[in-house]
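Chain residues, written in single-letter form:
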Amino acid sequence: MTPVLSAVARIELAHLSNPARPEHSSGVIEVYLKDGRQFTVLAATPSWFKGEAQRLGLRFYYGPAVLFLKRMDLAAARKAAKDMLAEDEQLLVRYDTPRRTLPAVLSAFRAAHP
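The paragraphs below set out a description of the structure included in this document. The model shown is predicted, which means the values in this text are computed figures rather than measured ones. (Residues numbered from 1 in each chain as written. Predicted model: local features only at pLDDT ≥ 70, side-chain atom pairs only at ≥ 80, totals over all residues. Heavy atoms only, no water.)

1. What to know about the sheet that holds strand E1 (residues 8-14)
And then number 1: Ordered by their spatial adjacency, four strands build an open sheet running E1-E2-E3-E4, and the pairing between neighbours is mixed. Where the open sheet ends on each side, the last strands, each with one partner, are E1 and strand E4 (67-68).
And then number 2: With six bridges connecting them, E1 and strand E2 (residues 26-33) associate as antiparallel partners. Each bridged residue has a counterpart across the sheet, and for Ala14 the counterpart in E2 is Val28.
And then number 3: Across the sheet, helix H1 (residues 46-56) lies against E2, strand E3 (38-44) and E4, angled at about 75 degrees from E3, the strand it touches most.
And then number 4: Sheet strands in contact with helix H2 (residues 74-87) are E1, E2 and E4, and its direction is about 135 degrees off that of E1. (Pairing = 2+ DSSP bridges. Helix = DSSP H or I, 4+ residues; strand = E, 2+ residues; numbered from the N terminus. Contact = heavy atoms within 4.5 Å. Axes fitted to C-alpha atoms, helices over the stretch in contact; angles between N-to-C directions.)

2. Comments concerning the nonpolar core
And then number 1: Of all hydrophobic cores here, the largest spans 17 residues; its most connected members are Ile29, Val31, Ala43, Leu67, Leu69 and Leu92.
And then number 2: Of all the elements in the fold, those that place two or more residues in this core are E1, E2, E3 and H2.
And then number 3: Sorting elements by how many residues they give to this core places H2 first, with five residues.
And then number 4: Each residue touching Ile29, except ones within four places of it in the same chain, is listed here: Ile11, Glu12, Leu13, Phe39, Thr40, Val41, Ala43, Leu67, Leu69, Ala77 and Ala81.
And then number 5: Listed in part, the 13 residues of the second largest apolar core include Ala44, Trp48, Phe49 and Leu102. (Core = buried A, V, L, I, M, F, W, Y, C linked by side-chain atoms within 4.5 Å. Buried < 20%, exposed > 50% of the residue type's maximum accessible area, 1.4 Å probe, protein only.)

3. Description of the packing of aromatic side chains
And then number 1: By the definition in use, this model includes six aromatic pairs.
And then number 2: For the pair Phe49 and Tyr61, a centre-to-centre distance of 5.8 Å together with 75 degrees between the ring planes defines the contact as edge-to-face. Of this pair, Phe49 sits in helix H1 while Tyr61 sits in the loop between H1 and E4, placing them twelve residues apart in sequence.
And then number 3: For Phe49, a relative accessible area of 15% puts it in the buried group.
And then number 4: Three or more aromatic residues joined by ring pairs form one cluster here, namely Phe49, Phe60, Tyr61, Tyr62, Phe68 and Phe109.
And then number 5: A cation over a ring is seen here: Arg10 above Tyr32, with NZ or CZ 3.9 Å from the ring centre. (Phe/Tyr/Trp six-rings, centres within 6.5 Å; stacked < 30°, edge-to-face > 60°. Lys NZ or Arg CZ within 6 Å of the ring centre and 35° of its normal.)

4. What about the pairing of E3?
The side chains of a regular strand alternate between the sheet's two faces.
And then number 1: The element E3 is largely enclosed, with a buried count of six among its seven residues.
And then number 2: Alignment of E2 against E3, held across seven bridges, turns out to be antiparallel. The residue bridging Tyr32 from the neighbouring strand is Gln38, located in E3.
And then number 3: Linking E2 back to E3 in an antiparallel pair, the connection comprises four residues, with Gly36 at a positive phi of about 100 degrees.
And then number 4: With two bridges joining them, E3 and E4 adopt parallel strand pairing. Bridging from a neighbouring strand, Ala43 pairs with Leu67 of E4.

5. A closer look at the side chain of Ser25
And then number 1: Relative to the helices and strands, Ser25 is located in the loop between E1 and E2.
And then number 2: Looking at Ser25, its side chain comes within polar contact range of the side chain of Ser17, at 3.3 Å.
And then number 3: Polar side-chain contacts of Ser25 include one of 3.1 Å to the backbone nitrogen of Asn18.
And then number 4: Beyond its immediate sequence surroundings of up to four residues, Ser25 is in contact with Leu16, Ser17, Asn18, Ala44, Thr45, Trp48 and Met72. (Polar contact = N/O pair within 3.5 Å; in protein donor to acceptor, adjacent residues only side chain to side chain.)

What follows is the structure, given as structure tokens:
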């Protein structure tokens, strides 16, 4: 049985940490479905995440899921969100996070785990 896919109303890329360097940045992918549901996906390039973890002195991280992309640009964000939806709508549910940015999430994690 083929899953019924929800129609995408729009996909946006917000809160870029470094818009001038899409190959080294983090951001928030906001996915709006036509049925009214909204999802916020934390995303980053691997190099940005590694650099931020080192800067904060994180030895480990567990928290909201992070979607890793080669580039933080709108085209990559749209493709990732559509691919997630096409694979299994539950991926958006699993990656959905409170309306926060990845730098804020990592800083709060650091404060909670000195």
